[in-house]
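An overview of the molecular structure
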Amino acid sequence: MTTTGIVLIEEHAQRVKPPRMLAVPFFFGNALGEADNPEYQHKVLQATFDLLDRDQGPVLEQLPDDMVPDILMQGSETTNESSEKGLNSADELTELRAYYEQWMNSHDGRTAVGGSSIPQRRFRGVVRFIEGFISGEETDMKERPEDINVPQFLRLCVNDLKAFYYEARMAQRPDGADRDIHDWFWSQTAMGALVMALGTHMSGIDDKESQAVAFGIAR
Amino acid sequence: MPKLSALSEIQRKSMLMWPCIEHDDTPWTPMAKSLSESKVGLVTTAGLHLRGDQPFRSSHDGGDTTYRTIPRSTSSADIIQTHTSLGFDHTGIYRDINVTLPIDRLPELVEQGKIGSLSDNYYSFMGALRDVSGIVEDSGPEVARKLKDEGVDVVLLTPT
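Residue positions within a chain follow its written sequence, with the count starting from 1. Chains and ligands are labelled by the order in which they are written, letters from A for the one and numbers from 1 for the other. Local features in a predicted model are, by the rule used here, given only for residues with pLDDT of at least 70; side-chain atom pairs are given and counted only at 80 or more, and totals for whole chains, interfaces and linings are based on all residues. Excluded from the side-chain calculations are hydrogens and water; all other atoms, namely the structure's heavy atoms, are used.

Attention shifts here to the overall build of chain A. For chain A, the helix and strand inventory stands at eight helices and three strands. Secondary structure elements follow DSSP: runs of H or I no shorter than four residues count as helices, runs of E no shorter than two count as strands, and numbering proceeds from the N terminus. Going from the N terminus to the C terminus, chain A shows its helices and strands as β-α-β-α-β-α-α-α-α-α-α. With the principal axes as the frame, chain A shows a C-alpha extent of 60 × 40 × 30 Å. Residue exposure (1.4 Å probe, protein chains only): buried if accessible area is under 20% of the type maximum, exposed if over 50%, otherwise partly exposed. When the 219 residues of chain A are sorted by exposure, 54% land in the buried category. Only heavy atoms enter the contact rule, under which two residues are in contact if any of them lie within 4.5 Å. When contacts within chain A are restricted to residue pairs at least 6 apart in sequence, long-range pairs at least 24 apart make up 65% of them. Each accessible area is a Shrake-Rupley estimate made with a 1.4 Å probe; only the visible protein chains count as cover when residues are assessed. When the accessible surface of chain A is totalled, it reaches about 9700 Å², and 47% of it is carbon and sulfur. Note that His is not counted, nor are the chain ends; the positive residues are Lys and Arg, and the negative ones are Asp and Glu. One atom stands in for each charge, and that atom is NZ of Lys, CZ of Arg, CG of Asp or CD of Glu. Treating the 21 positive side-chain charges of chain A as one cloud and the 36 negative ones as another, the clouds have centres 3 Å apart.

On to the side chain of threonine 158 of chain B, then. Note that threonine 158 of chain B resides in strand 7 (residues 154-158). Look past the residues within four positions of threonine 158 of chain B in its chain and what remains in contact with it is Ile6 and Leu32 of chain A together with Leu42, Val43, Thr44, Thr45, Thr100 and Pro102 of chain B.

A few words on the domain arrangement of chain A. Partitioning chain A into structural domains gives domain 1 (5-62) and domain 2 (75-217). The straight-line distance from the C-alpha centre of domain 1 of chain A to that of domain 2 of chain A is 33 Å. By convention here, the domain bounds are inherited from an automatic or database domain assignment.

All names here are of chain A. In this analysis an axis means a line fitted to C-alpha atoms, helices contributing only their contacting stretch, and an angle means the value between N-to-C directions, from 0 to 180 degrees. Helix 8 (residues 208-217) packs onto helix 5 (residues 150-172) with a crossing angle of 10° between their chain directions and a minimal axis gap of 9 Å. By the angle between their directions, the pair helix 5 and helix 8 is classed as roughly parallel. Of the residues in helix 8, those touching helix 5 at Pro151, Gln152, Arg155, Val158 and Lys162 are Glu209, Ser210, Val213, Gly216 and Ile217. Think of it as three bins: nonpolar holds Ala, Val, Leu, Ile, Met, Phe, Trp, Tyr, Cys and Pro, charged holds Asp, Glu, Lys and Arg, and polar takes everything else, Gly as well. Residue composition of the contact of helix 5 with helix 8, grouped by class: four nonpolar, three polar and three charged. Angular relationships are summarised with four words: roughly parallel below 35 degrees, roughly antiparallel beyond 145, roughly perpendicular across 65 to 115, and oblique for the angles in between.

What follows concerns the environment of aspartate 78 of chain B. Within the fold, aspartate 78 of chain B resides in the loop between strand 3 (67-71) and strand 4 (79-81). As for aspartate 78 of chain B and threonine 65 of chain B, which are separated by 13 residues in sequence, their C-alpha atoms are 22 Å apart.

On to a negative patch on the surface, then. All names here are of chain B. In this analysis, a patch consists of residues with relative accessible area above 30% that form no salt bridge, clustered at 9 Å for like charges and at 5 Å for the nonpolar side chains Val, Leu, Ile, Met, Phe, Trp and Tyr. Here, a salt bridge means any side-chain nitrogen of Lys or Arg that lies within 4 Å of a carboxyl oxygen of Asp or Glu. There is a patch of like negative charges on the surface, built from Asp61, Asp131, Glu137, Asp138 and Glu142. Considering the arrangement of structural elements, one finds glutamate 142 in helix 4 (residues 133-149). The partly exposed category is assigned to glutamate 142, whose relative accessible area is 34%.

To continue, consider the interface of chain B and chain A. With 71 residues of chain B in contact, the opposing surface of chain A contributes 87 residues. Summed over both partners, the interface of chain B with chain A buries about 6500 Å², with 59% contributed by carbon and sulfur atoms. The tally of links from chain B across to chain A stands at two salt bridges. Distance and chemistry together define a polar contact, namely a pair of N or O atoms within 3.5 Å, with one atom able to donate a hydrogen and the other to accept it when in protein, and with adjacent residues in sequence counting only for side-chain atoms on both sides. Applying the counting criterion to the chain B and chain A interface returns 35 residue pairs in polar contact (both at pLDDT 80 or more). Elements that contribute at least two residues to the side of chain B that touches chain A include exactly helix 1 (9-16), helix 2 (91-95), helix 3 (105-111), helix 4 and strand 7 of chain B. For the side of chain B that touches chain A, the residue count by class is 37 nonpolar, 20 polar and 14 charged. Where strand 1 (residues 2-7) of chain A meets strand 7 of chain B, four bridges bridge the pair, whose relative direction is parallel. For threonine 3 of chain A, the partnering residue across the bridge sits in strand 7 of chain B and is valine 155 of chain B. In short, buried area is how much 1.4 Å probe accessible area vanishes from two parts on joining, totalled over both. At least two bridges found by DSSP between two strands is the condition for calling them paired.

Okay, structure coming up:
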């Protein structure tokens, strides 16, 4: 079989030496350039398939960097103001539900929520689960499969909560820039503060698996 | 990614220190026929899978080297991502999964006659792995066999 592909970090392809790779200038999460831009995605695909015409390799060519998404903003770059405003995650979930459902309805039911398998209408229970875990309680959820331990399940819960918030916000502000959504989540929502607190708590647990999970929850 | 020189020192060092495999040479398989006559398969390292599949797992000892099968007929509504890294922006994928897995773009290329046909199944691995030996020795060859069994001529690889 003949292979061709897209690489985000050109320096890694120089070391691995795959047969044909197109180095693109986009940040992680945007391999084909831009969401909801089929024309540009086809441009990236065409450039990737064009590498199949080369007669020797390794081939490592660059896509012209005429479109570069913003750098991902991490939670630690912001100061969360939700507690001063008296916000709490459970009420936020209720307030955002209509927007989240609006997102799903306008996207043919497509949602990134689902890794934990907990229905979004049970997310207030997920908040209590996370709050209990942070405060050191023996806490669990009946939806957790036996073969997924608590740290891994917490990560899946956080992924779902973030996706719920982000999709609700995108329905609320359809023209909002990605960076504005990150800023809103981490600096203005009680959920952002809760997720950051969970990440901090798990990174301090003397268990490598919890620490590995924490690195993927918030930093 | 933009040139590493444009990133912060921490980001740049993190990328340069990443423990990827280094090879001295490259396996080379020339095209046996034109793309417009070829069957194309799709393999991604985006940590995507069907809703209801076993999620990918975080790991302190190198990462999850298993894979998931995504039938070509799957609707984007039935695909979710449990990639374990926080180091990338998920917003684009929330908006449009084609930004990492071009499931709608590839059939368009078939309709345009640029690609001959598509495999019935696509395959998804986790990315950001610190130890890929499980893929090199087990899951990678297994997926390659499945692609060959389907008569795939060309494999498109996408990251996230």
